[in-house]
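One-letter residues, chain by chain:
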Amino acid sequence: MNDDAHARSTHSSDSGERAEVPRSTLRRDLLTVVLVIALALIAWQLAFVFLLAFGGVLLAVLFRRLALLLSERTPLPEGAALAFVVLGLVGTLVGLVMVAEPLLGGQLATLSASLPDTLRSIEAALTRTDWGQFVLDRVTDANEERPRWNFLGTIGGTLSTSASLIANLVIVFTIGVFLALDPKLYRGGLLHLVPLERRERATEVLDALGSGLWRWLVGQSMSMLAVALLTGIGLWLIGVPLSALLGLIAGLFNFVPYLGPFFSAVPAVLVAFAQSPETAVYAALLFLLVQQIEGHVLTPVIQRRVSALPPVMIVLAVAGFGVLFGLAGVFLAAPLLLVAIILVRMLYVEDVLGDRSIVQSEG
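Given the structure is predicted, the values throughout are model-derived calculations rather than measurements.

**Concerning the overall build of the protein**
Inference 1: The number of helices and strands found in the protein is 15 helices and 0 strands.
Inference 2: Per-residue burial over the protein gives 31% buried out of 363 residues.
Inference 3: Carbon and sulfur atoms make up 70% of the accessible area of the protein, which amounts to about 22900 Å² in all.

Okay, structure coming up:
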């Protein structure tokens, strides 16, 4: 009798232990899911901080690679070469600003002052045609007599955020300098998060990311310089004022694929329209010609030596990162796409699927 009771007691205790195991496992899984969701929400809230960090990584790659090139060709050690590169780039930028400020500063003031007259000229030209009047009717409020040309309001809003922009640039520059000074510290810390058996592969991935971003920076810099020169010289030849400033704007905006050239063409066409409608047409055709040269001549030549990105993927990346992260996502869409392509290729296509034909075809 006692034996039966003891057996039943033992059986019931074993059943209770077996019942507690799934319960504890479920509780642990639930906590894991909650933790992952919380981390995802935190990462989403800090997305702009991650974009600033990525911008710092781009600068660090630029500083470090230039310093290594200088160190290999001179007796300077890496630290001194890095200091020379950073100070040299900053000094060159400050020197260009000081030299170009009298010319470009006056041109920028002239551009800002000429926009209202240019917009009024466009409005007057539109009112002389039926289709132009139709356009004006579509962009005019019911309680307003003038069209809602909001260019000046946009410029004012942009200038009001200049302090925040400068602060973000300082943060990116600081991150880039510190990463370039001691990349092994941060690289080693990142690799310590990877299991021991995967650290060699993680090192290869990091090396591929650094090389890919460096090649992209070189190619993008060459493309931006070519667009700035072609645009500035072309605008000067057709008689558009402020050609130096407008060429500089075109080169800088070329950092953003596809959308950048369109936005840089707007002020140039407006300034040209102040001269005459024919000049505005010539300016628009010039931007179209420069983009054709850049897209069908310069880019294929450059991409033979640097990382090539699929055009459709670039368009989708600009749209997607712009929706997710705003203007910063648009500006960093191309390098972010490059990082994503390298990670998918190496970690999924090669490691998971075992397909290395992409690498062989690229070679």
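**As for the packing of aromatic side chains**
Inference 1: Enumeration over the complete set of coordinates arrives at 4 aromatic pairs.
Inference 2: Between Phe321 and Phe325, the ring centres sit 6.1 Å apart and the planes meet at 15°, which makes this aromatic pair stacked. With Phe321 and Phe325 both in helix H12 (residues 311-325) and 4 residues apart, the pair spans about one turn of that helix.
Inference 3: The class of Phe325 is partly exposed, set by a relative accessible area of 25%.

**Section: the packing of helix H2 (residues 47-73) against helix H14 (residues 333-350)**
Inference 1: Remark: H2 packs on H14, axes separated minimally by 11 Å, with the N-to-C direction vectors making an angle of 85°. One element, H2, and the other, H14, form an angle in the roughly perpendicular class. Two secondary-structure elements touch here, H2 through Leu51, Phe54 and Leu58 and H14 through Pro335, Leu336 and Val339.
Inference 2: A class-by-class count of the residues in the contact of H2 with H14 yields 6 nonpolar, no polar and no charged.

**Looking at the confidence of the model for the protein**
Inference 1: Taken over all residues, the pLDDT of the protein has a mean of 77, while the share at 70 or more is 72%.
Inference 2: Here helix H5 (residues 151-160) stands out as the least confident element of the protein, with mean pLDDT 44; helix H8 (residues 199-237) is the most confident, with 90.
Inference 3: Note that residues 15-21 has pLDDT below 50 and, in this model, 1 contact with residues that lie over four places away or in other chains.
Inference 4: A low-confidence stretch, residues 141-160 stays under pLDDT 50, and its non-local contacts, those more than four residues away or across chains, total 21 contacts.

**Brief notes about the nonpolar core**
Inference 1: One finds Phe54, Leu213, Trp216 and Leu309 to be the most contacted residues of the largest nonpolar core, which totals 28 residues.
Inference 2: Mapped onto this core, the elements with two or more residues apiece are H2, H8, H12 and H14.
Inference 3: Setting aside residues no more than four positions away along its own chain, Phe54 makes contact with Leu213, Leu332, Pro335, Leu336 and Val339.

**Quick word on the layout of surface pockets**
Inference 1: Computed from the structure, the second largest pocket encloses a volume of approximately 1200 Å³.
Inference 2: Taken together, 35 residues form the lining of the second largest pocket, with Val57, Arg187, Leu190, Leu206 and Leu209 sitting closest to its centre.
Inference 3: Secondary structure elements with two or more residues in the lining of the second largest pocket: H2, helix H6 (162-181), helix H7 (183-191), H8 and H14.
Inference 4: For the lining of the second largest pocket, the element with the highest residue contribution is H2, accounting for 10 residues.
Inference 5: Classifying every residue of the lining of the second largest pocket by side-chain character gives 26 nonpolar, 2 polar and 7 charged.

**Quick look at the side chain of Thr279**
Inference 1: Examined against the element boundaries, Thr279 turns out to sit in helix H11 (residues 277-303).
Inference 2: Not counting chain neighbours up to four residues away, the residues in contact with Thr279 comprise Ile238, Val240 and Ala272.

**Notes on the side chain of Ser223**
Inference 1: Along the chain, Ser223 falls in helix H8.
Inference 2: Judged by its relative accessible area of 5%, Ser223 is buried.
Inference 3: Setting aside residues no more than four positions away along its own chain, Ser223 makes contact with Asn254, Glu294 and Ile302.

**Some details on the pattern of salt bridges**
Inference 1: One pass over the full model with this rule turns up 8 salt bridges.
Inference 2: The salt bridge involving Asp207 is made with Arg187; its shortest N-O contact spans 2.6 Å. Within this pair, whereas Asp207 is found in helix H8, its partner Arg187 is found in helix H7, the two being separated by 20 residues in sequence.
Inference 3: Judged by relative accessible area, which is 38%, Asp207 ranks as partly exposed.
Inference 4: The network of salt bridges with common partners includes Arg198, Arg201, Glu204, Arg345, Glu350 and Asp351.

Rules used throughout
- Along each chain, numbering runs from 1 in the same order as the chain's sequence is written.
- Per-residue local features of the predicted model are confined to residues with pLDDT of at least 70, and side-chain atom pairs are confined, for both listing and counting, to 80 or more; whole-chain, interface and lining totals are unaffected and use all residues.
- Hydrogens and waters are ignored; side-chain quantities use all the structure's heavy atoms.
- Every helix listed is a DSSP run of H or I at least four residues long, and every strand listed is a run of E at least two residues long, numbered separately from the N terminus.
- Each residue's exposure class comes from its accessible area (1.4 Å probe, protein chains only) as a fraction of the maximum for that residue type: buried when under 20%, exposed when over 50%, partly exposed otherwise.
- Working definition of accessibility: Shrake-Rupley area with a 1.4 Å probe, residue cover restricted to the visible protein chains.
- The aromatic pairing rule takes the rings of Phe, Tyr and Trp, using the six-membered ring of Trp, and pairs them if the centres are within 6.5 Å, calling planes under 30 degrees apart stacked, those over 60 edge-to-face and the rest tilted.
- Here, axes are lines fitted to C-alpha atoms. For helices the fit covers the stretch in contact, and angles between N-to-C directions go from 0 to 180 degrees.
- Orientation categories follow fixed angle ranges, with anything under 35 degrees roughly parallel, anything over 145 roughly antiparallel, 65 to 115 roughly perpendicular, and all other angles oblique.
- Only heavy atoms matter for contacts: two residues are in contact if any of them lie within 4.5 Å across the pair.
- In this classification, Asp, Glu, Lys and Arg are treated as charged, Ala, Val, Leu, Ile, Met, Phe, Trp, Tyr, Cys and Pro as nonpolar, and every other residue, Gly included, as polar.
- Values of pLDDT, ranging from 0 to 100, describe the predictor's confidence in every residue of the model.
- Side-chain atoms within 4.5 Å link the members of a nonpolar core, which is a set of buried Ala, Val, Leu, Ile, Met, Phe, Trp, Tyr and Cys residues.
- Think of a 1 Å grid over the protein atoms and nothing else: a 1.4 Å probe that fits but is trapped marks a cavity, an open set flanked by protein within 12 Å on at least five of seven lines marks a pocket, and residues with an atom within 4 Å of a point count as lining.
- Grid points are joined across faces, edges and corners, and a volume is the space filled by probe spheres set on the points.
- Within this document, salt bridges are pairs made up of a side-chain nitrogen of Lys or Arg and a carboxyl oxygen of Asp or Glu, the two lying within 4 Å of each other.

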